[in-house]
Amino acid sequence: MKNKIVILLALTFGMISTSCENVYLDTTPTASIDAGSAYSTTKNAAAAINGIYRSFIVRYLSSQGHSGHPAMMIILDHLGEDLVIGTTAGATGWHVGETRWVAHRTDVGTMTQFPYEMYYRIIGNANIGIANIDKAAGPAADRNTLKGEALALRAFGYFNLVQLYGKRYDASAKPNSQLGVPLILEPTTEGKPRNTVEEVYTQINKDLSDAAALLSSSRVNKSHINLNVVKGLQARVALVQQDWANAAKFAAEARAGYQPMNATQYQDGFADITNPEWMWGFDHLEDQSEFFGGYHSYISCNYNSTVIRTYPKVINSALYSQIPATDVRSKMWVENPTATNSVVPPGGVRPKFLNQKFRLPGTPSTSAMGDVPYMRAAEMYLIEAEAKARLNDAAGASQVLFDLLRTRDPNYVRSTRTGVALVNEVLLHRRIELWGEGHRFLDLKRTNAALNRNGTNAIPAIALLFDVAPGDVRWEFLIPRREINANPAIVQNPL
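Presented here is a report on the structure given in the accompanying data block. Everything numeric here is computed off the predicted structure, so don't read it as measured data. (Residues numbered from 1 in each chain as written. Predicted model: local features only at pLDDT ≥ 70, side-chain atom pairs only at ≥ 80, totals over all residues. Heavy atoms only, no water.)

## Focus: the overall build of the protein chain
(1) Moving on: Along its length, the protein chain carries 19 helices and ten strands.
(2) Moving on: Taken over C-alpha atoms, the radius of gyration comes to 22 Å for the protein chain, in line with the 23 Å a tight globule of 495 residues would show.
(3) Moving on: Burial analysis of the protein chain (495 residues in total) assigns 60% to the buried set.
(4) Moving on: Total accessible area on the protein chain is roughly 18000 Å²; 53% of this is exposed by carbon and sulfur atoms. (Helix = DSSP H or I, 4+ residues; strand = E, 2+ residues; numbered from the N terminus. Rg over C-alpha atoms; globule rule 2.2 N^0.38 Å. Buried < 20%, exposed > 50% of the residue type's maximum accessible area, 1.4 Å probe, protein only. Areas by Shrake-Rupley, 256 points an atom, 1.4 Å probe, with all protein chains shown as cover.)

## Observations concerning the packing of helix α8 (residues 227–240) against helix α14 (residues 377–390)
(1) Moving on: In the contact formed by α8 and α14, the axes pass within 10 Å of each other and the chain directions differ by 35°. Helix-helix and strand crossings are classified by hand; for α8 and α14 the assignment is left-handed. Contacts from G232, A235, R236 and L239 in α8 reach E379, M380, I383 and E386 in α14.
(2) Moving on: Across the contact of α8 with α14, the residue classes break down as four nonpolar, one polar and three charged. (Axes fitted to C-alpha atoms, helices over the stretch in contact; angles between N-to-C directions. Left-handed = near helix turned anticlockwise from the far one by under 90°. Contact = heavy atoms within 4.5 Å. Nonpolar A, V, L, I, M, F, W, Y, C, P; charged D, E, K, R; others polar.)

## Focus: the nonpolar core
(1) Moving on: Residues M72, Y158, L161, Y201, I204, I225 and W280 are the most contacted members of the largest nonpolar core, which totals 143 residues.
(2) Moving on: Looking at this core element by element, the count peaks at 13 residues for helix α6 (residues 140–165).
(3) Moving on: Apart from residues no more than four positions distant in its own chain, I204 is found in contact with A155, Y158, F159, V162 and V237.
(4) Moving on: In this structure, A389, L422, V423 and L427 belong to the second largest nonpolar core, which totals five residues. (Core = buried A, V, L, I, M, F, W, Y, C linked by side-chain atoms within 4.5 Å.)

## Considerations on α8
(1) Moving on: In this model, α8 (14 residues) spans 20 Å end to end at C-alpha, consistent with the 20 Å of a helix rising 1.5 Å per residue.
(2) Moving on: Among the 14 residues that make up α8, 14 are buried, leaving the element largely enclosed by the rest of the structure.
(3) Moving on: N-capping of α8 is provided by N226, with a side-chain oxygen placed 3.2 Å from the backbone N of N228.
(4) Moving on: Directly after α8, the chain includes Q242, whose backbone phi takes a positive value near 60°. (Expected span 1.5 Å × (residues − 1). Polar contact = N/O pair within 3.5 Å; in protein donor to acceptor, adjacent residues only side chain to side chain.)

Following this line, the structure appears as structure tokens:
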């Protein structure tokens, strides 16, 4: 497989521009295309890169609940304390093992293998692109764009893997010699030993820097990575590495040209990539639907699925109590839902603190055709504000926070807090703003905070687990047993 690339049959992905048609598939009726053919021209190469984006949202391990990166977004919030399974009916349903922190600690289970396989597939196909695109016939500008995207996609894959399977990055303990994940930077199937966390982050930063040098802010669709998205990824990485100066810098640069959505747009259902605040996302077209496996099949309030009807998502009651009534975000959940103040599919239950943030057109909605937000400008405001607060720039942090929150709550008054109190205010709004978008577990891990579900509406019979201390081995996903068996160079995380 060294010279092959896995090209999903969805290379006619809706995000593909007319210049990226996959004509070479006409004479190659297989799922694997020789790399020389795939990257012989920039036209073919564009189709191959589109295939990598497609791999973000297909089902893995033939599992309905593991449809790509959007599924991981939901799973990572289930691992936190803010996204709650709202009824006891969910005790036998999806995401209970994740909520209880057992699914990612079983090396023969789907939850350990799924993200490992998905992000390494992204990396493997990106490696082929990086190795071959320079030889593609076509305009140099197209080669640069495609190579920049491939580099950013590889960085994205490693950034997710090292956060899941490695220990948290600690800026006070450089170099971070704890084990991360194997760095594979060329097309190969040879097993490699695990690199250190420091080495993995060094490569991530290099790939993003190289990508930034090749990309611009122009692009055909938001489904593809451009320079703004690369800077957004650089901001995320710097935040995790506690590199506050670069986190603030890159976040400010990333959101240039993007404005916070207004109150009306905020209540539109978080399912439309044309929203002016969205920087990057999945543009969901009907012929790309995962139906009952899609993001909105699990996170929306009104898709007509068993999950949504029986055990819809609700918000942590202690978190909700901190949202002012004048804040538009308070309307994203309903404390005491009734038939007149909440939307559910026919026969759907209405537990307290019911999610209304993610909503598809129609009641009920029989289509899972919701777009998925991978990155929004609001996150960049919050990264910048947190980083400045941690740099003791209270004036700068409070101004950035105010610039965002005044679009959410017309009564919000610019904060006068400083130090830890200001950091905590930013983190509170990060929890509210990014609920359901896949950040909470990783935020707890990067800040070395404990999981604490006490004093919330978490149902004991479902959650079982209410406390996990910082540094506990359970903050690391286990390496899948299939990788251990196939790769003699790799070692397992602590059990």
